[in-house]
Amino acid sequence: MPVLRRLSGAYVAAASFYAAAAILSAHPAMTGRAELCIRHFSDGATRAAYSVGTNLAAPARGFALATTREFVSRLNGVGALANGWLSRHVRDPAVVRLDIAPFEAILPQFGLRTRGPDSRIASSEASHHLTGPPRLGASELARIEAHLRNRLTDDLYRNFELFLYVSKATHGPWAQRMYVFRKQAAPGDFALLYNWPVSTGRERVEYNSEGQRLPSYTPAGYYELDPARTYRHHVSLQWHRPMPYAMFFNWVNGGLESGLAIHGATGSEAELLGTRASAGCVRLAPESARTLFALIDTQYRGLAPRFAIDPRTDTMSNGGVLLRDASGRPEMAAGYKVLVFIENNGGVNEVAAIY
């Protein structure tokens, strides 16, 4: 079909260009020219490929966009391999690395966003990342509050004071938002402090700038925040992206500290809030991240229960299982009295798909 021929041709041209650009970048005399070409081509080729799908009639659009997603993935894979080659063979730190844009990062340029795993496209206002879905009424907010309360054991409710409910769903009235609840004096009551759009993980395995295959999943579950790993200024070691106002999860997975955190979006990342667009972290608008960071740091330090660790896998529970002393009481440690609860539930029904 014409679309496939155009995409396959563009892919072959892109692969050839990336390989040539990587080689040229290694030569001092060509570094400047290669840098200019790479910066223009990396963004321009992806947009051109995407426009193939958006210009089609509606019946063929879904198939074309799915094909384009695969094109972008392969294009970025070639770019990541070129980055790996540059890192190993080019000693000059001034040599540019290829800028790799994920499929979802292209969508705002066309006023579009993905909806669901089948890559269907729906029109969206340019201000979607600021306004989010239509404002929820009191009854819907009450439903979220009741849903959260029903997902908390008595121990979790009793020992935490601030609750961050995050929906990582792709659709539904609750989707891709964080709801910040403060526990009230009356038993069972919460006060909603904030309701913010977020970006959770892209939910796939992909390449970073060094050509390493890395997951970009946001696992559902219950998490505490690590009091030893909160930073106003931080840069990801794996993705080399700034993470302002980062608050890392206090979670051990397979013996390793988690790299997942809540942090502010930077640059064009803010345009993607309300969609799955992160490498696994929970992104907030910069002002929201700053507000949350200050709130937690100044008001919610204290003793919090510790989650149990499975000695067979050296993995900390994210299912809400607490570590208990000989008398059965939860073991406490200095930290934050803040519980983060992440679900793949957009509020379409009360049965959340946990994964």
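Refer to the structure presented above.
Now for a quick tour of the structure.

**Quick notes on the overall build of the chain**
If you tally the helices and strands in the chain, you get 8 helices and 19 strands. Scored against the burial criterion, the 355 residues of the chain give a buried share of 47%. Restricting to contacts in the chain with at least 6 residues of sequence separation, those with at least 24 account for 65%. Accessible surface for the chain amounts to roughly 17100 Å². Of this, 56% is attributable to carbon and sulfur atoms.

**Notes on the pairing of strand β5 (residues 190-197)**
Direction of pairing for strand β4 (residues 177-183) relative to β5: antiparallel, over a ladder of 7 bridges. Among the inter-strand pairings, Arg-177 is bridged to a residue of β5, identified as Pro-197. Where β4 hands over to β5, the hairpin turn is made up of 6 residues, of which Gly-188 adopts a positive phi near 85°.

**Some details on the nonpolar core**
Soluble globular proteins tend to bury their nonpolar side chains together. Membership of the largest hydrophobic core comes to 48 residues, with the highest contact counts inside it found for Leu-164, Met-178, Ile-262 and Leu-292. Not counting residues within four places of it along the chain, the set of residues in contact with Leu-292 comprises Leu-164, Met-178, Val-180, Trp-196, Met-247, Ile-262 and Leu-284. Counting 5 residues, the second largest nonpolar core, distinct from the first, contains Met-243, Ala-246, Phe-248 and Cys-281.

**Comments concerning the sheet that holds strand β19 (residues 338-343)**
If you walk across this open sheet you meet the 5 strands as β5-β4-β3-β19-β8, and the pairing is mixed. The sheet terminates laterally at β5 and β8 (221-223), the two strands that pair on one side only. Shown here is a sheet whose adjacent strand axes are inclined to one another by a mean of 20°, direction ignored. Strands in contact with helix α6 (residues 138-150) are β3 (162-167), β4, β5 and β19; relative to β4, the strand with the most contacts, it is inclined by about 70°. Sheet contacts for helix α8 (residues 286-299): β3, β4, β5 and β19; angle to β5, the most-contacted strand, approximately 145°.

**Considerations on α8**
Structural remark: α-helix, 3.6 residues per turn; residues separated by three or four positions point the same way. Compared with the 20 Å implied by 1.5 Å per residue over 14 residues, the 20 Å span of α8 between its first and last C-alpha is a close match. For α8, the set of buried residues is Ser-288, Ala-289, Leu-292, Phe-293, Leu-295 and Ile-296. Projected down its long axis, α8 carries its buried residues within an arc of 165°, all on one side.

**Overview of the environment of Gln-238**
Within the secondary structure layout, Gln-238 lies in the loop between β9 (225-231) and β10 (246-249). Once residues lying within four places of it in the same chain are set aside, the contact partners of Gln-238 are Asn-208, Glu-210 and Leu-214.

**Description of the side chain of Thr-315**
Considering the arrangement of structural elements, one finds Thr-315 in strand β17 (residues 315-316). In this structure the side chain of Thr-315 is engaged in a polar contact, spanning 3.2 Å, whose partner is the backbone oxygen of Thr-313. Setting aside anything within four residues of it in sequence, one finds Thr-315 in contact with Val-252, Asn-253, Gly-254, Ala-308, Ile-309 and Asp-310.

**Comments concerning the packing of aromatic side chains**
According to the stated counting rule, one finds 13 aromatic pairs in the structure shown. Ring geometry for Tyr-157 versus Phe-163: centroids 6.5 Å apart, planes at 10°, classification stacked. For the ring pair Phe-181 and Phe-190, a centre distance of 5.8 Å and an interplane angle of 65° mean the geometry is edge-to-face. For Phe-181, a relative accessible area of 1% translates into the label buried. Overall, the relative accessible area of 7% leaves Phe-190 in the buried class. Grouped by ring-pair contacts, the aromatic residues Tyr-165, Trp-174, Tyr-179, Tyr-222 and Phe-341 constitute a single cluster. Lying over the aromatic face of Tyr-157, Arg-149 brings its terminal NZ or CZ to 4.0 Å of the ring centre.

Conventions adopted
Here, residues in each chain are numbered from 1, in the same order as that chain's written sequence. The predicted origin of the model limits local features to residues at a pLDDT of at least 70 and limits the giving and counting of side-chain atom pairs to 80 or more, whereas totals for whole chains, interfaces and linings rest on all residues. Note: side-chain values were computed over all heavy atoms of the structure, leaving out hydrogens and water. Working definition: helices are DSSP H or I runs of at least four residues, strands are E runs of at least two. Numbering for both runs from the N terminus. For every residue, the accessible area (1.4 Å probe, protein chains only) is compared with the maximum for its type, and the residue is labelled buried under 20%, exposed over 50%, or partly exposed between those bounds. Residues count as neighbours in contact if any of their non-hydrogen atoms are within 4.5 Å of one another. Only the protein chains shown count as covering a residue, and every accessible area follows the Shrake-Rupley method with a 1.4 Å probe. For two strands to be treated as a pair, DSSP must find no fewer than two bridges joining them. By nonpolar core we mean a set of buried residues, namely Ala, Val, Leu, Ile, Met, Phe, Trp, Tyr and Cys, connected to one another through side-chain atoms within 4.5 Å. Lines are fitted to the C-alpha atoms to define the axes, a helix being fitted only along its stretch in contact, and any angle between axes, read from their N-to-C directions, falls within 0 to 180 degrees. Between the first and last residue of a helix there are one fewer steps than residues, each counted as 1.5 Å, and that sum is the expected span. This arc describes the spread of directions from the helix axis toward the C-beta atoms. Polar contacts, as counted here, are pairs of nitrogen or oxygen atoms within 3.5 Å of one another; within protein the pair requires one atom able to donate a hydrogen and one able to accept it, and residues that are adjacent in sequence qualify only if both atoms are side-chain atoms. Only Phe, Tyr and Trp rings are paired, with Trp represented by its six-membered ring, and only when their centres lie within 6.5 Å; those with planes under 30 degrees apart are stacked, over 60 edge-to-face, the remainder tilted. Here, over-ring charges are defined by two tests on the NZ atom of lysine or the CZ atom of arginine: distance to the ring centre within 6 Å, and angle to the ring normal within 35 degrees.

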